[in-house]
Amino acid sequence: MRVALAVLVVGVSLVLAAVPVGAHHAFAATYDTNKPVVVKGVITKVEFVNPHSWFWLDVKNPDGTVSNWGFEGGSPNSLIRNGLTKNSIPVGTELVIQGYQSKAFPTKGVGVNMTFPDGRKFLFGGSAPGAESEAAVPTKDEIVAPKKDDTKK
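A brief look at the structure comes next.

1. Details of unusual backbone geometry
For residues other than glycine, phi is negative in most cases, and the peptide bonds are mostly trans.
Line of reasoning, step 1. At the junction of Asn50 and Pro51, the peptide bond is cis and its omega measures out at 10° in the coordinates.
Line of reasoning, step 2. With respect to the helices and strands, the residue Pro51 is situated in the loop between β1 (31-48) and β2 (53-60).

2. Quick word on the pattern of salt bridges
Line of reasoning, step 1. Evaluation of the coordinates by the stated rule reveals three salt bridges.
Line of reasoning, step 2. A salt bridge links Glu47 to Lys45; the shortest N-O distance between them is 3.5 Å.

3. Some words on the packing of aromatic side chains
Line of reasoning, step 1. Using the criterion set out here, one finds five aromatic pairs in the structure.
Line of reasoning, step 2. When the ring of Phe48 is compared with that of Phe55, the centres are 6.3 Å apart and the planes differ by 80°; the resulting orientation is edge-to-face. Across the pair, Phe55 and Phe48 agree in class, each one buried.
Line of reasoning, step 3. With a centroid separation of 5.5 Å and 10° between ring planes, the pair formed by Trp69 and Phe71 is classed as stacked. Across the pair, exposure class does not vary: Trp69 and Phe71 are buried alike.
Line of reasoning, step 4. Counting every residue linked through ring pairs, the aromatic cluster contains Phe48, Phe55 and Phe124.
Line of reasoning, step 5. Note that Lys108 overlies the ring of Trp54, its terminal NZ or CZ placed 5.7 Å from the centroid.

4. Quick word on the side chain of Ser102
Line of reasoning, step 1. On the secondary structure map, Ser102 appears in strand β4 (residues 94-102).
Line of reasoning, step 2. Judged by its relative accessible area of 4%, Ser102 is buried.
Line of reasoning, step 3. A distance of 3.1 Å separates a polar side-chain atom of Ser102 from the backbone nitrogen of Ala104.
Line of reasoning, step 4. Beyond its immediate chain neighbours, meaning those up to four positions away, Ser102 contacts Thr30, Tyr31, Lys108 and Gly109.

5. A word on the nonpolar core
Note that soluble globular proteins tend to have their nonpolar side chains buried in a common cluster.
Line of reasoning, step 1. Among the nonpolar cores identified, the biggest contains 19 residues, and Val39, Phe55, Leu57, Phe71, Ile89, Ile97 and Met114 are the most heavily contacted of them.
Line of reasoning, step 2. Among the secondary structure elements, those contributing two or more residues to this core are β1, β2, β3 (66-72) and β4.
Line of reasoning, step 3. A per-element tally of this core places β1 first, with five residues.
Line of reasoning, step 4. Ignoring anything within four residues of it in the chain, the contact list for Ile97 reads Val37, Val38, Val39, Leu57, Phe71, Gly111, Asn113, Met114 and Phe124.

So, how was this worked out
Numbering of residues starts from 1 in each chain and follows the order in which that chain's sequence is written. Residue-level local features of this predicted model are given only where pLDDT is at least 70; pairs of side-chain atoms are given and counted only at 80 or more, and the full residue set underlies all totals for whole chains, interfaces and linings. Water and hydrogen atoms play no part in the side-chain values, which are based on all heavy atoms of the structure. Helix numbering and strand numbering both begin at the N terminus, where a helix is a DSSP run of H or I of at least 4 residues and a strand a DSSP run of E of at least 2. For this document, the term salt bridge refers to a Lys or Arg side-chain nitrogen within 4 Å of an Asp or Glu carboxyl oxygen. The rule is short: rings of Phe, Tyr and Trp, with Trp giving its six-membered ring, pair when the centres are within 6.5 Å, and they are stacked under 30 degrees, edge-to-face over 60, tilted in between. Exposed residues in this analysis have more than 50% of their type's maximum accessible area, buried residues have under 20%, and partly exposed residues fall in between, with area computed by a 1.4 Å probe over protein chains only. The rule is short: NZ of Lys or CZ of Arg within 6 Å of the ring centre and within 35 degrees of the ring normal puts a charge over the ring. The term polar contact refers here to a pair of N or O atoms within 3.5 Å; inside protein, the definition further demands a hydrogen-donor-capable atom paired with an acceptor-capable atom, and it admits residues adjacent in sequence only when both atoms are side-chain atoms. What makes two residues a contact is simply this: any of their non-hydrogen atoms within 4.5 Å. Put simply, buried Ala, Val, Leu, Ile, Met, Phe, Trp, Tyr and Cys residues joined by side-chain atoms within 4.5 Å make one nonpolar core.

Structural data, given as structure tokens:
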């Protein structure tokens, strides 16, 4: 009886320990490595919230309309360790962001790096390939924005 109770307690403990891990999403579940994206826009909002930071910017589309893009980054702690604080990017700052587009939302993505007008570059420190180092920066020949029809999804 004691052995059965011990096995039950260990089994339940293992199941409970795995629950938070299952709740966290993987990069491949949300973003597409076959859709690298580079956008240029003006910061409208910076959110340093756990477990991920978010950077929102207005991007001018080819037809003159504006789309608000959101890019997920690493945890606030990882960004701060890399020298980037919430106050480093005031609203109105122009940035070029390289990353990967969301599978479900045409104006969302995960950031790999951001480049300021003066050439400074910061890594997003998140789950995207290359977000922790320059090794796998997504490439795209031109700065892009979604077509007008894509922003309605």
